[in-house]
Amino acid sequence: MPSNHGAIVRRVAISVAVLSAATALISGKPAQAPPSAGPKTAVQAFKNIQVLKDIPADQLIPSMQFIANSLGVECDFCHVEGAFDKDDKDEKKTARKMMTMMITINQENFEGKKEVSCNTCHRGSPHPQGIPIITAEAREPMNTEAMEHEHHDHDAQMPSADPVIDAYVKAVVGSDAIAKLKSASEKANMAMGPGKVAVEIYEEAPDRRVSIAHMPGGADSVTAYDGSEGWLSFPKRPLRIMNADEQYAAKLDAEFLLPSDPRKAFTELKSAKPDTIDGKEVNVVLGINPNQPPVKLYFDKESGLLVRMVRYANTPLGINPTQVDFADYRDQHGAKLPFQWTIARPFSRFTMKVDSVELNTPIDPSKFAKPAAPPPGPPAH
Ligand code: HEC
Ligand code: HEC
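Residues numbered from 1 in each chain as written. Chains lettered and ligands numbered in written order. Predicted model: local features only at pLDDT ≥ 70, side-chain atom pairs only at ≥ 80, totals over all residues.

S.K.: How should unusual backbone geometry be read in this particular structure?
M.R.: Peptide bonds are, in most cases, trans, and in most cases residues other than glycine have a negative phi. Residue P206 is reached from A205 by a cis peptide bond, and omega for that bond is 0°. Within the secondary structure layout, P206 lies in the loop between β2 (195–204) and β3 (208–214). Here the phi dihedral of N360 falls at roughly 60°; this positive angle occurs in a residue that is not glycine. You can see N360 is positioned in the segment after β13 (348–359). (Helix = DSSP H or I, 4+ residues; strand = E, 2+ residues; numbered from the N terminus.)

S.K.: What's the story with the site of ligand 1 in this structure? I'm lost.
M.R.: Neighbouring ligand 1 are 27 residues, the closest being F46, V51, C75, C78 and D85. Every element with two or more residues in the shell around ligand 1 is listed here: α2 (20–28), α4 (60–71) and α5 (90–109). Top contributing element to the shell around ligand 1 by residue count: α4, with 6 residues. Looking at the shell around ligand 1 residue by residue, the classes come out as 18 nonpolar, 4 polar and 5 charged. (Near = placed C-beta within 6 Å. Nonpolar A, V, L, I, M, F, W, Y, C, P; charged D, E, K, R; others polar.)

S.K.: Would you mind going over the pairing of β3 with me for this structure?
M.R.: On a regular strand, each side chain points to the face opposite its neighbour's, so the side chains alternate between the two faces of the sheet. By the criterion of burial, β3 is predominantly enclosed, with 5 of the 7 residues buried. In the sheet, β2 pairs with β3 via 7 bridges, with the strands oriented antiparallel. Bridge pairing links A198 to H214 in β3. Connecting β2 to the next strand, β3, in antiparallel fashion are 3 residues. Pairing geometry for β3 and strand β4 (residues 220–225), over 6 bridges, is antiparallel. The partner of S211 across the bridge, within β4, is T223. Hairpin geometry of β3 and β4 is characterised by an intervening segment of 5 residues between the two adjacent antiparallel strands and by a positive phi of about 100° at G217. (Buried ≥ 20, exposed ≤ 12 C-beta atoms within 10 Å, placed from the backbone. Pairing = 2+ DSSP bridges.)

S.K.: Just checking my understanding: could you explain the nonpolar core for this structure?
M.R.: Inside soluble globular proteins, nonpolar side chains tend to come together where they are buried. Ranked by size, the top nonpolar core spans 50 residues in total, and within it I165, Y168, V285, L297, F299, L306 and M309 carry the most contacts. Non-local contacts of V285, meaning those with residues more than four positions away in its chain, are made with A161, V164, I165, L269, K270, S271, A272, L297 and F299. Formed by 14 residues, the second largest nonpolar core is a distinct cluster that contains A45, F66, A68 and M102. (Core = buried A, V, L, I, M, F, W, Y, C linked by C-beta atoms within 7 Å. Contact = placed C-beta atoms within 7 Å.)

S.K.: Just to check I follow, could you spell out the environment of A161 for this structure?
M.R.: Mapped onto the elements, A161 comes out in the loop between α7 (144–151) and α8 (162–172). For A161, a count of 24 C-beta atoms within 10 Å puts it in the buried group. Placed 123 residues apart in sequence, A161 and V284 show a C-alpha to C-alpha distance of 8.7 Å. The residues contacting A161, other than those within four sequence positions of it, are L269, K270, S271 and V285.

S.K.: I'm lost on the site of ligand 2 in this one. Help?
M.R.: Lining the immediate surroundings of ligand 2 are 17 residues, of which M98, C118, C121, P126 and H127 lie closest. For the shell around ligand 2, the residue count by class is 12 nonpolar, 4 polar and 1 charged.

Next comes the structure, spelled out in structure tokens:
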């Protein structure tokens with residue numbers, strides 16, 4: 001049984017290097033030439049796939065994360081570490097039946113759209129609640145008006161998002177200074193269990209970013225995006241190239257951590273219904289790009305600053321959300337940079353705190369170079 005600290009380290013590891021475990025498996029397998037051109041399917045890349053056969057191989061692990069998020073469990077609920085292909089746990093066999101059930105429900109009732117997912121029933125527990133819950137506090141049942149509001153999130157009648165974006169740009173630097181903001185080198189730290197992990201972050205406008213976490217044990221965990229390709233490495237795991245969704249996420253992080261004009265990051269920005277976060281009113285803007293779920297951006301009404309970004313990654317089984325909360329904006333030579341951000345997923349969250357920043361000092365290009373081999377670390381067993 002892993003200790004609590006072990007569990008925390010593992011979770012943070014998953015958060016930091018998102019899905020490295022995954023590719024250890026993909027790249028650890030002897031290469032098999034796919035029968036036809038095009039990306040590999042799951043059945044071609046993995047050993048024992050019976051239901052998710054035709055999904056792209058690089059969507060298998062995101063799908064697994066979606067399952068874990070929906071049931072509120074970790075991978076070992078269904079798998080034995082190092083033998084993910086084995087069917088030695090009943091939970092894994094049940095999960096396969098559940099996938100088939102879910103696909104059938106959607107086909108027979110929702111024209112094959114992904115309306116019902118694992119989370120529709122499970123909601124963060126392996127045991128769905130069939131009986132309505134009695135809440136601690138009396139709560140109003142949802143009325144038609146409340147539901148109307150939910151559905152009008154994407155309303156085309158909303159006012160233009162431009163004033164909100166202009167206010168943000170003005171708050172972080174003013175459009176003139178944005179052009180002068182070329183790079184940032186940050187020294188940061190991340191709480192992990194009882195200790196702290198030191199992290200170096202290098203950002204270059206518009207969207208190059210690398211973060212290097214010095215993990216306990218001396219090895220480094222790297223998350224990098226060089227403007228066109230992203231990669232992840234974690235001690236004892238082979239280097240992994242990000243899939244398209246992870247790259248999109250990495251690019252977004254890069255754009256917002258070094259302030260820039262969001263109009264450059266999206267093909268369209270639309271206002272949505274205002275909301276509140278921690279009792280403070282926020283303007284909500286949807287950032288839209290082709291073939292990607294909209295990104296929700298929350299701007300504080302008073303300061304104009306971006307306080308939250310929620311992005312979504314499609315998987316064949318459902319959508320995985322990630323929430324990034326930005327805080328502690330500080331003035332740095334006329335620019336405002338967030339000195340703290342928290343990345344939260346359904347069952348994990350970690351907070352990065354910046355200790356010091358240097359703006360516009362040249363960054364050694366080698367920092368953005370993709371390593372050919374896994375960075376040195378203890379050998380894999
Ligand atoms: C609730 C059960 C469940 C959980 C939790 C789960 N998986 Fe799976 N996993 C499955 C099932 C079922 C399959 C087989 C799918 C199929 O046959 O189409 C599978 C297949 C896999 C495979 C393919 C193995 C092979 O070579 O055939 C990998 C790799 C994998 N899972 C990794 C993970 C990781 C990493 C996690 C944690 C993020 C995870 N799984 C969480 C049920 C689960
Ligand atoms: C229509 C509702 C529904 C959907 C959709 C659904 N499940 Fe379930 N699932 C259940 C119910 C009900 C149980 C039985 C719970 C119990 O034993 O308490 C269950 C049980 C399970 C169990 C066994 C839990 C245990 O402790 O043994 C697993 C694993 C599981 N589901 C995985 C999944 C996965 C993965 C998906 C999505 C592919 C999914 N389920 C989708 C309703 C659903």
